[in-house]
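Architecture at a glance
Residues per chain are reported as follows:
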Amino acid sequence: MKKLFSILIALVVLLSLAGCTTVAPVAATSNPVGEKVGYASATYLFGILPLTFNADHGIQKAAKDGNITEISTVDVKQTFFGLWSTVSTVVTGK
C-alpha cells in the first residue's frame, strides 16, 4: 500500500511538471494585419471545469481588449499543465 501511494504521488508530480502548448489559426480576413493585439483567456480544471465564473475567451472579448475594430487574424492558443489548461484567443487588427 505504501508503494502504491508513493507511485501515485510521483505520477501527480510528473503530471504537474509536464506541459504542452499548441497554437492554431482560426480565421483570417482580407483586412491588413494591424499593430493592435487583443487577448482573452480562461483556465479550466481537467480541461472542462472553468476556474472562474465568467470564463470567456471569445473573439469579441479579445477584440475589445485590444481596442480592435477591424479584425485581421484570430488564433487560439491552448496550454496544458497536468490537471489544468488555459485557452487563449489572440486577435490582431486595427
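Scroll up to find the structure.
Residues numbered from 1 in each chain as written. Predicted model: local features only at pLDDT ≥ 70, side-chain atom pairs only at ≥ 80, totals over all residues. Heavy atoms only, no water.

1. Quick notes on the overall build of the chain
Each helix and strand counted, the chain has 2 helices and 5 strands in total. The N-to-C order of helical and strand elements in the chain reads α-β-β-β-α-β-β. Taken over C-alpha atoms, the radius of gyration comes to 18 Å for the chain, far larger than the 12 Å a tight globule of 94 residues would show. With the principal axes as the frame, the chain shows a C-alpha extent of 60 × 25 × 15 Å. Taking all 94 residues of the chain together, the buried fraction comes to 22%. Within the chain, contacts between residues separated by at least 24 positions form 68% of all contacts whose residues are at least 6 apart in sequence. (Helix = DSSP H or I, 4+ residues; strand = E, 2+ residues; numbered from the N terminus. Rg over C-alpha atoms; globule rule 2.2 N^0.38 Å. Buried < 20%, exposed > 50% of the residue type's maximum accessible area, 1.4 Å probe, protein only. Contact = heavy atoms within 4.5 Å.)

2. A few points about the nonpolar core
Nonpolar side chains in soluble globular proteins tend to be buried together. Formed by Ala40, Ala62, Ala63, Ile68, Val74 and Val91, the largest nonpolar core amounts to 6 residues. If near-sequence neighbours (up to four positions away) are discounted, alanine 63 is found in contact with Ile68, Ile71 and Val91. (Core = buried A, V, L, I, M, F, W, Y, C linked by side-chain atoms within 4.5 Å.)

3. What about the sheet that holds strand S4 (residues 71-81)?
In sheet architecture, strand pairing relies on hydrogen bonds along the backbone and comes in two forms, parallel and antiparallel. Spatial ordering of the open sheet is given by S1-S4-S5-S2-S3, a layout of 5 strands whose pairing is antiparallel. Two strands in the sheet have a free side with no partner beyond their single neighbour: strand S1 (19-28) and strand S3 (49-50). As defined by bridge partners, strand S2 (residues 36-45) adjoins S3 across 2 bridges and the pair is classed as antiparallel. Residue pairing in the sheet places tyrosine 44 in a bridge with proline 50 of S3. (Pairing = 2+ DSSP bridges.)

4. With respect to the pairing of S4
Working note: regular strand, side chains alternate between the two faces of the sheet. As paired strands, S1 and S4 are joined by 9 bridges and run antiparallel to one another. Paired with alanine 24 across the strands is valine 76, a residue of S4.

5. Quick notes on a nonpolar patch on the surface
Together, Phe46, Ile48, Leu49, Leu51, Phe81, Leu83 and Trp84 line one region of the surface with nonpolar side chains, adding up to about 730 Å² of accessible area. By the secondary structure assignment, leucine 51 is in the loop between S3 and helix H2 (59-65). (Patch = residues over 30% accessible without salt bridge, like charges linked within 9 Å, V, L, I, M, F, W, Y side chains within 5 Å. Areas by Shrake-Rupley, 256 points an atom, 1.4 Å probe, with all protein chains shown as cover. Salt bridge = Lys/Arg side-chain N within 4 Å of Asp/Glu carboxyl O.)

6. Structural notes on unusual backbone geometry
One non-glycine residue with positive phi stands out, namely asparagine 67, at about 55°. Its place among the elements puts asparagine 67 in the loop between H2 and S4. Residue asparagine 67 is classed as exposed on the basis of its relative accessible area, which comes to 55%.

The values are spatial; any link to function lies outside them.
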